[in-house]
Amino acid sequence: MTDRPVLRLRSAAFTHPGGAGVSGLDLDIRAGEAVALIGPNGAGKSTLLNGLLGLVPRTAGTVEYAGHPHAAVGMIGVLPQSADLDPDFPISLEQVVMQGRYRRLGLFRWPGRADRAAVADALAAVGLTELAKRRFGDLSGGQRQRGLLARALAGEPSLLLLDEPFNGLDQQNRDALIQTLRDLKARGVAVIVSTHDLELARLVCDTVVLVNGEQLAHGPVDDVLTLGNLQECFEGTEIEIDEHTLVVPGHEGH
Amino acid sequence: MGYFERAMLAAIVIGAGAGFVGALVVLRRRTFFAQALTHATYPGAVAAAALGVSVPLGAAVASVVIVAIMAGIARIRRQGAQVAAGIVLTGGFAAGALLQAALPGLPVQPESLLVGSILTVTDADILLAAVVAVAAVVLVAAFGRRIAFSTFDPAGFRAAGFREWPIEVLVLGLIAASVVSSLPAVGAILAIALIAAPAAAARLVVRSYRGVLFAAPVIGAASGIVGVLASRAFAIAAGPAIALAATGCFAIALGASQLRRLPWRGRSIPVETAEEARIA
Amino acid sequence: MDLWDSLFTAFELPFMARALGVMLVLAVVAGVVGVLVNLRGLEFISDGLTHAVFPGLAIGLAVGGTAGLLPGAAIAALGAAVILTWLSRAGVASDAAIAIVLTATFSVGVIVVSRSDDYAGQLEALLFGRVLTIPPAEVVPLVVVSLVALGAVLLTLKQQLFRAFDARASRAAGDRGFVLDLVLNGAVALVVVAAASTVGTLLVLALLIVPGAVARLATDRLWLLFPVAGGFAALGAWLGLAAGYGASVGGGVDLPAGATVVAAFVVGYALVLVVAWAAGRVTTGRSSGRAAGRADRAGAAPAAARTAGSAR
């Protein structure tokens, strides 16, 4: 593993054609590091993630993926914000996970042995090996979410983007997801998680980026998640921080 | 009254009625449904012509049967409304074609059922169209608030304790009646243009729900007049001419609304707008 | 004249064999493409293409006689596929707009035909097809057009299914949605072209919709959908042609062959529906997820998605 960061942003900005966006992004993420992306709704968290995927244009600064201006094929895996998927769609969990390999396969090749092995590994990583043949729509909400994470993993990414992965998960699935993320870090995958869940940031992430239209703070979890920073970041929004276990100096509670 | 004056009168009455009901079709997004309905009335019309009973009556009976079948298929999981409409639509045409072949010597030309023949409309056709138009206006005047509520906020409508199906049945009934009464003018294939185009044009230039209900029938009637005049001037079939006139109104409205949007719209980005918006 | 004759001996006649050959190729291709039409909710766009092809047929017929049908239809269909793909992506057009514009193109076709000598006869041939009178020289072009459609779909099949299931993830994985939509709509257009000159413009849609719908009723296994749809379509084409032959030779009723094929499809659908219902596979429900899922895939058919969603 080289010392070169998996992702480096310098004064980067991503802007939608409509004008909304996020700017002033300065960030290094190394292999095995997890970054929590925290900010109110509409702060540009999804814009940043989509920008890294090339779905939102970069309008300023530079982005380097492992030292290159473009991400290599299959380098980035993504777990989208709870996708609206047709529960009647005739597709098995295994087939959904295989979609994660398509980017590597391209247009002309069909899945081979290596791809099936990667799918099996990804399913094992999220603990759903038993359910591989089940129809995706028959799984519970949490299992579907883990299945989609397996799809992101099947591409064997070195950078994993997760957009609000914990929305609407029960405790059991949440724990499973947290364990999976720790395993991934141990395997050297860099992770960016956008979340409202400050407890998650403490449990899994090494650093935190606070955004609200622009990058407000970046650093180790304890340095950044201060009451003052959070007040600045969430000012004027109606986010309910008290729902989560929030441990900042001089402020403890649920 | 000569045949030409009669055709003009029919074009105005049918155009206005179809335009008015079309406003409901467009606002409630029932276009594909209405289109399937227009197509599927064809076997009913052929059967009625073969049996010697009134063609609108046959089309009306067929439309009731068809609405029932479509509603049934649409409720099945993994099938849905589009599948229902598609199957009923082609099934209707096939049944009509088979009936027509099996019963030679029909008094009515099948083409006139498909693309209309406004020059041969009867007084009864005009009367029917007028009755449908008046009934539609009366019903919308009586239940307009509820229809608007259920159209724009179905969840809120249910939450407020109203049941949706009476409104749905009312609207679907009006659509069916309107389709049946427009058949003599534009036929089964082209009826959707006369129903949807005036309302879609009105919606582009008029902002309010109520405004669309007023503007659409005017545009519909104007399309009828222009179509009949064009048909006489250029010696072309009247049904397609009316459909094209209605489309022309829509095209003009579309152009006008796009022009109005231009100054502040800036550079349009050739990306997947709808999808990008959701991804964001 | 018995059942055996209708089902087998009849196809020893050259024109019946030709009709069967063309219909079998067409049915299988339409079945495979139709599965994607079903999964993507493109029924409305497909209907649009059948309408848009009509003026192409009419103008082709006016310019080049029956030999002009295929080129005319192909030009109109591919043009319409590009325009429809663009319209539905740009979000400019609602379902109403699409219906209106396409009906307008149909009107143009009728006007072109109405200026010819044999208005009624030609209109009927274009609307209901002429599968029994396909000249031998046209068989190869029809088969080629069908196979091109099949090839385009098979080449992009896994990406098409990915996009159908989860458009957003497909985009994130680098698939070009516009290209995929264009390929699929183009394939639908080619099927429409081949089918329009056999079963007629009004009945084409059955070939595209019914086999896919049957497959959805019959199975939840992704890779079984395609053989089920193709097999059903082939069976329907064969029985439909046999029924038409039986009626005209045995019963003395000259039924249009395109219509008997489509009738066989619809009857077959009804039978499958009954069997599925008896097997407990028919469940009803709001199935709002399907509507929402389709709305998310709106790159291809925002209009269609709304229709599907709102009609509940």
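Conventions and cut-offs
- Residues numbered from 1 in each chain as written.
- Chains lettered and ligands numbered in written order.
- Predicted model: local features only at pLDDT ≥ 70, side-chain atom pairs only at ≥ 80, totals over all residues.
- Heavy atoms only, no water.
- UniProt positions renumbered as here; feature names shortened; annotations may be inferred.
- Helix = DSSP H or I, 4+ residues; strand = E, 2+ residues; numbered from the N terminus.
- Rg over C-alpha atoms; globule rule 2.2 N^0.38 Å.
- Buried < 20%, exposed > 50% of the residue type's maximum accessible area, 1.4 Å probe, protein only.
- Contact = heavy atoms within 4.5 Å.
- Areas by Shrake-Rupley, 256 points an atom, 1.4 Å probe, with all protein chains shown as cover.
- Expected span 1.5 Å × (residues − 1).
- pLDDT = per-residue confidence, 0-100.
- Pairing = 2+ DSSP bridges.
- Buried area = accessible area lost by both parts, 1.4 Å probe.
- Salt bridge = Lys/Arg side-chain N within 4 Å of Asp/Glu carboxyl O.
- Polar contact = N/O pair within 3.5 Å; in protein donor to acceptor, adjacent residues only side chain to side chain.
- Patch = residues over 30% accessible without salt bridge, like charges linked within 9 Å, V, L, I, M, F, W, Y side chains within 5 Å.
- Axes fitted to C-alpha atoms, helices over the stretch in contact; angles between N-to-C directions.
- Domains from an automatic or database assignment.

- Chain B is annotated in an unreviewed UniProt entry as Metal ABC transporter permease from Agromyces agglutinans.
- On record in UniProt, under Sequence similarities (unreviewed entry), the comment for chain B is "Belongs to the ABC-3 integral membrane protein family."

- Under the annotation held in an unreviewed UniProt entry, chain A carries the name ATP-binding cassette domain-containing protein and is attributed to Agromyces agglutinans.

**Comments concerning the overall build of chain A**
Okay, so step 1: Within chain A, the regular secondary structure consists of 9 helices and 11 strands.
Okay, so step 2: Taking 2.2 N^0.38 as the reference for a compact globule, 254 residues should give roughly 18 Å; the C-alpha atoms of chain A span a radius of gyration of 18 Å, in line with that estimate.
Okay, so step 3: Each principal axis of the C-alpha distribution contributes one length, and for chain A these read about 50 × 40 × 40 Å.
Okay, so step 4: The proportion of buried residues among the 254 residues of chain A is 54%.
Okay, so step 5: Sequence-distant contacts in chain A: of pairs separated by 6 or more residues, those separated by 24 or more amount to 67%.
Okay, so step 6: Roughly 11000 Å² of accessible area belongs to chain A as shown, and the carbon and sulfur atoms make up 47% of that amount.

**Considering helix α10 (residues 177–196) of chain C**
Spacing of three or four residues puts side chains on the same side of an α-helix, whose turn is 3.6 residues.
Okay, so step 1: Taking 1.5 Å per residue, 20 residues should reach 28 Å; α10(C) reaches 28 Å between its end C-alpha atoms and fits that length.
Okay, so step 2: The buried fraction of α10(C) is high, at 16 of 20 residues.

**Details of the confidence of the model for chain B**
Residue and element names in this part refer to chain B.
Okay, so step 1: Chain-level pLDDT for chain B is 82 on average; 92% of the residues reach the 70-or-more range.
Okay, so step 2: For chain B, the element scoring lowest by mean pLDDT is helix α11 (residues 273–279), at 40; helix α9 (residues 209–234) scores highest, at 91.
Okay, so step 3: Under a pLDDT of 50 for its full length, residues 264–280 has, in the predicted model, 27 contacts with residues more than four places off or in other chains.

**What about the pairing of strand β2 (residues 21–29) of chain A?**
Okay, so step 1: Summarising the sheet, strand β1 (residues 7–15) of chain A and β2(A) pair through 6 bridges and their orientation is antiparallel. Paired with A:Ala12 across the strands is A:Leu25, a residue of β2(A).

**Looking at the pairing of strand β9 (residues 215–220) of chain A**
Residue and element names in this part refer to chain A.
Okay, so step 1: Relative to β9, strand β8 (residues 207–211) is paired through 5 bridges, and the arrangement is antiparallel. Within the sheet, the bridge partner assigned to Thr207 lies in β9 and is Pro220.
Okay, so step 2: The turn linking β8 back onto β9 is made up of 3 residues, and Gly213 within it adopts a positive phi angle of 80 degrees.

**Examining the interface of chain C and chain B**
Okay, so step 1: On the chain B side, the residues contacting the 77 residues of chain C number 62 residues.
Okay, so step 2: Overall, the association of chain C and chain B removes approximately 5800 Å² of surface from exposure, summing both partners, and the carbon and sulfur fraction of that is 64%.
Okay, so step 3: Taken together, the connections running from chain C to chain B amount to 0 salt bridges.
Okay, so step 4: Linking chain C to chain B there are 5 residue pairs in polar contact (both at pLDDT 80 or more).

**Comments concerning a nonpolar patch on the surface**
All names here are of chain B.
Okay, so step 1: A cluster of nonpolar side chains, Leu51, Val53, Leu57, Val61, Val65 and Ile69, forms an exposed patch at the surface whose accessible area comes to about 560 Å².
Okay, so step 2: By the secondary structure assignment, Val53 is in the loop between α2 (31–51) and α3 (55–75).
Okay, so step 3: Judged by its relative accessible area of 40%, Val53 is partly exposed.

**A short note on the sheet that holds strand β7 (residues 190–194) of chain A**
Residues and elements named next belong to chain A.
Okay, so step 1: Sheet architecture is open: 6 strands sit in the order β5-β6-β7-β3-β8-β9, paired in mixed fashion. The strands lining the two open edges of the sheet, one partner per strand, are β5 (76–79) and β9. In this sheet, adjacent strand axes meet at a mean angle of 15 degrees when their direction is disregarded.
Okay, so step 2: Pairing of strand β3 (residues 34–38) with β8 involves 4 bridges; the strand directions are parallel. Residue pairing in the sheet places Ile38 in a bridge with Leu210 of β8.
Okay, so step 3: Contacting β5 and β6 (159–163), helix α5 (residues 141–154) crosses the sheet at an angle of about 170 degrees to β5.
Okay, so step 4: Contacts between helix α9 (residues 227–234) and the sheet are confined to β3, β8 and β9, with β8 contributing the most and set at about 35 degrees to the helix.

**Here we look at the sheet that holds β2(A)**
All names here are of chain A.
Okay, so step 1: Pairing is antiparallel across the open sheet formed by 3 strands, whose spatial order is β2-β1-β4. Pairing within the sheet leaves two strands with one partner each, and these edge strands are β2 and β4 (58–65). This sheet shows a mean twist of 15 degrees between the axes of neighbouring strands, independent of strand direction.
Okay, so step 2: Seen against the sheet, helix α1 (residues 45–52) touches β1, β2 and β4 and runs at an angle of roughly 115 degrees to β1.

**Examining the pattern of salt bridges**
Residue and element names in this part refer to chain A.
Okay, so step 1: The final tally for this structure, using the stated rule, is 16 salt bridges over all chains.
Okay, so step 2: Linking Arg101 and Asp115 is a salt bridge whose minimum nitrogen-to-oxygen distance equals 2.9 Å. With Arg101 in the loop between α2 (93–98) and α3 (102–105) and Asp115 in helix α4 (residues 113–125), this pair connects stretches of sequence that are 14 residues apart. In this structure, Arg101 and Asp115 share a single accessibility class: buried.
Okay, so step 3: Of the charged contacts, one joins Glu156 and Arg101 as a salt bridge, the two residues approaching to 3.6 Å between their closest N and O atoms. Taken together, the residues span a long stretch of sequence, with Glu156 in the loop between α5 and β6 and Arg101 in the loop between α2 and α3 at a distance of 55 residues.
Okay, so step 4: Of the residues examined, Arg101 reaches a relative accessible area of 7% and is grouped as buried.
Okay, so step 5: Each of Arg8, Arg10 and Asp28 takes part in a single network of salt bridges with overlapping partners.

**Some words on the UniProt feature "transmembrane region" (unreviewed entry) in chain B**
Residues and elements named next belong to chain B.
Okay, so step 1: If you check UniProt for "transmembrane region" (unreviewed entry), the listed places come out as residues 7–27, 47–71, 83–106, 126–144, 165–183, 189–206, 213–230 and 236–257 in our numbering.
Okay, so step 2: Along residues 165–183 the backbone is 100% helical and 0% strand, and the end-to-end C-alpha distance reaches 27 Å.
Okay, so step 3: The span residues 236–257 is 91% helical and 0% strand by assignment, and the distance between its end C-alpha atoms comes to 31 Å.

**Side note on the confidence of the model for chain A**
Residue and element names in this part refer to chain A.
Okay, so step 1: Residues with a pLDDT of 70 or more make up 90% of chain A, whose mean pLDDT is 83.
Okay, so step 2: Here strand β11 (residues 251–253) stands out as the least confident element of chain A, with mean pLDDT 35; α2 is the most confident, with 93.
Okay, so step 3: Below pLDDT 50 for its whole length, residues 242–254 participates in 25 contacts with residues either more than four positions away or in separate chains.

**Quick word on the side chain of B:Thr38**
All names here are of chain B.
Okay, so step 1: One can find Thr38 in helix α2.
Okay, so step 2: Looking at Thr38, its side chain comes within polar contact range of the main-chain oxygen of Ala188, at 3.3 Å.
Okay, so step 3: When neighbours within four sequence positions are excluded, Thr38 is seen to be in contact with Val179, Ala188, Ala191, Ile192 and Ile195.

**A word on the domain arrangement of chain A**
Residues and elements named next belong to chain A.
Okay, so step 1: On domain assignment, one finds that chain A holds domain 1 (1–75 + 157–180 + 189–254) and domain 2 (83–156).
Okay, so step 2: Contacts between the two partners involve 13 residues from domain 1 and, on the opposite side, 13 residues from domain 2.
Okay, so step 3: Between domain 1 and domain 2 the total buried area reaches about 1100 Å² when both faces are included, carbon and sulfur atoms providing 65% of it.
Okay, so step 4: Its largest share of buried area at the contact with domain 2, domain 1 owes to Pro157, Asn173 and Thr180, together 40% of the area lost on that side.
Okay, so step 5: At the surface where domain 1 touches domain 2, the tally comes to 0 salt bridges.
Okay, so step 6: The tally of links between domain 1 and domain 2 comes to 3 residue pairs in polar contact (both at pLDDT 80 or more).

**Focus: unusual backbone geometry**
Residues and elements named next belong to chain A.
Okay, so step 1: If you check the backbone angles, Ser11 has positive phi at about 50 degrees while not being a glycine.
Okay, so step 2: By the element assignment, Ser11 lies in strand β1.
Okay, so step 3: The phi dihedral of Glu164 falls on the positive side, at around 50 degrees, and the residue is not glycine.
Okay, so step 4: Its place among the elements puts Glu164 in the loop between β6 and α6 (171–186).

**A few points about the side chain of A:Asp86**
All names here are of chain A.
Okay, so step 1: Looking at the secondary structure, you find Asp86 in the loop between β5 and α2.
Okay, so step 2: A relative accessible area of 3% places Asp86 in the buried class.
Okay, so step 3: Reaching out from Asp86, the side chain makes a polar contact with the backbone nitrogen of Asp88 at a distance of 2.8 Å.

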